[in-house]
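Residues per chain are reported as follows:
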Amino acid sequence: LLFAGCSKKADPDIPALYVTHIMDTLYLAEVSKELLSLTGMDDPALLKDEYEAGLDAEADYFAYYFGIGELSAESGQLIKDLYKDLYRQARYSIAPPAEDPDRYEADKIVHVVTVTVEPLDVVWRFAKEELEGFAKDFKAQASAELSAEARELLYVKGIVSRIRTLAEKPGYLEPVDIRVE
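Residues numbered from 1 in each chain as written. Predicted model: local features only at pLDDT ≥ 70, side-chain atom pairs only at ≥ 80, totals over all residues. Heavy atoms only, no water.

(A) Spotlight on a nonpolar patch on the surface. Taken together, Tyr61, Tyr64 and Tyr65 make up a surface patch of nonpolar side chains, about 390 Å² in accessible area. Within the secondary structure, tyrosine 64 sits in helix 3 (residues 44–65). Exposure remark for tyrosine 64: the relative accessible area of 65% places this residue in the exposed category. (Patch = residues over 30% accessible without salt bridge, like charges linked within 9 Å, V, L, I, M, F, W, Y side chains within 5 Å. Areas by Shrake-Rupley, 256 points an atom, 1.4 Å probe, with all protein chains shown as cover. Salt bridge = Lys/Arg side-chain N within 4 Å of Asp/Glu carboxyl O. Helix = DSSP H or I, 4+ residues; strand = E, 2+ residues; numbered from the N terminus. Buried < 20%, exposed > 50% of the residue type's maximum accessible area, 1.4 Å probe, protein only.)

(B) Main features of the packing of helix 1 (residues 13–28) against helix 3. Two numbers describe how helix 1 lies on helix 3: the axes approach to 8 Å, and their chain directions differ by 55 degrees. If you check the angle between helix 1 and helix 3, you find them oblique. Read as a crossing pair, helix 1 and helix 3 show a hand that is right-handed. When helix 1 is examined against helix 3, the residues Thr25, Leu26, Tyr27 and Leu28 are found in contact with a partner set consisting of Leu47, Glu50 and Tyr51. (Axes fitted to C-alpha atoms, helices over the stretch in contact; angles between N-to-C directions. Parallel < 35°, antiparallel > 145°, perpendicular 65-115°, else oblique. Left-handed = near helix turned anticlockwise from the far one by under 90°. Contact = heavy atoms within 4.5 Å.)

(C) The arrangement of a negative patch on the surface in detail. Residues Asp42, Asp43, Asp49, Glu50 and Glu52 make up a contiguous surface patch of negative charge. Relative to the helices and strands, aspartate 42 is located in the loop between helix 2 (33–39) and helix 3. By relative accessible area, which is 76% here, aspartate 42 ends up exposed. (Lys, Arg positive; Asp, Glu negative; His and termini not counted. Charge placed at Lys NZ, Arg CZ, Asp CG, Glu CD.)

(D) The packing of aromatic side chains, seen in detail. Under the criterion given, the structure shown has 14 aromatic pairs. Judged by centre distance (6.3 Å) and plane angle (65 degrees), the ring pair of tyrosine 51 and tyrosine 87 falls under edge-to-face. Of this pair, tyrosine 51 sits in helix 3 while tyrosine 87 sits in helix 4 (residues 73–87), and the two are 36 residues apart along the sequence. When sorted by exposure, tyrosine 51 lands in the same class as tyrosine 87, which is buried. With centroids separated by 6.4 Å and ring planes inclined at 90 degrees, the aromatic side chains of phenylalanine 62 and tyrosine 83 adopt a geometry described as edge-to-face. Of the two residues, phenylalanine 62 is situated in helix 3 and tyrosine 83 in helix 4; the sequence distance between them amounts to 21 residues. Residue classification places tyrosine 83 among the buried residues on the basis of a relative accessible area of 9%. One residue, arginine 91, lies across the ring of tyrosine 172, its end atom 3.8 Å from the ring centre. (Phe/Tyr/Trp six-rings, centres within 6.5 Å; stacked < 30°, edge-to-face > 60°. Lys NZ or Arg CZ within 6 Å of the ring centre and 35° of its normal.)

All we've got here are geometric facts, nothing functional implied.
Written as structure tokens, this is what we have:
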């Protein structure tokens, strides 16, 4: 999807509306009729695919971050389900757009929309505060007789379970402003 705020129209609300709906799609899997209208799309499944692609990317990064390697389908689904729930706790806001007087492209007005995201801290907290202890416990408890896939699944289930426990009382990292043009 194009994630930008250019228009030929002088209506400054359109870029903020567009960015708001994109964020709602990417974080909450909410596809509005307004977004379909703004993008000229008829099929909400295309936007749902963007959401699913984001979950796939999160699962891949999770595997990389926790040293898992290629995920089994079951492990991947557990991670994607976790991120669906974490995304529902996302905090973000969209500031009213402003024209950027230094940025004009041909006959388009460039609108700058600032997105403020407060990153959820639960994965970070798990990695910082609990991962080392979890890894030691896992190593001591996991049977050497388990297949590689069963061992992976047990490892993923353990991490997901602990992150879900942290998500019951989530915290947020410092807000980050992202400038979208």
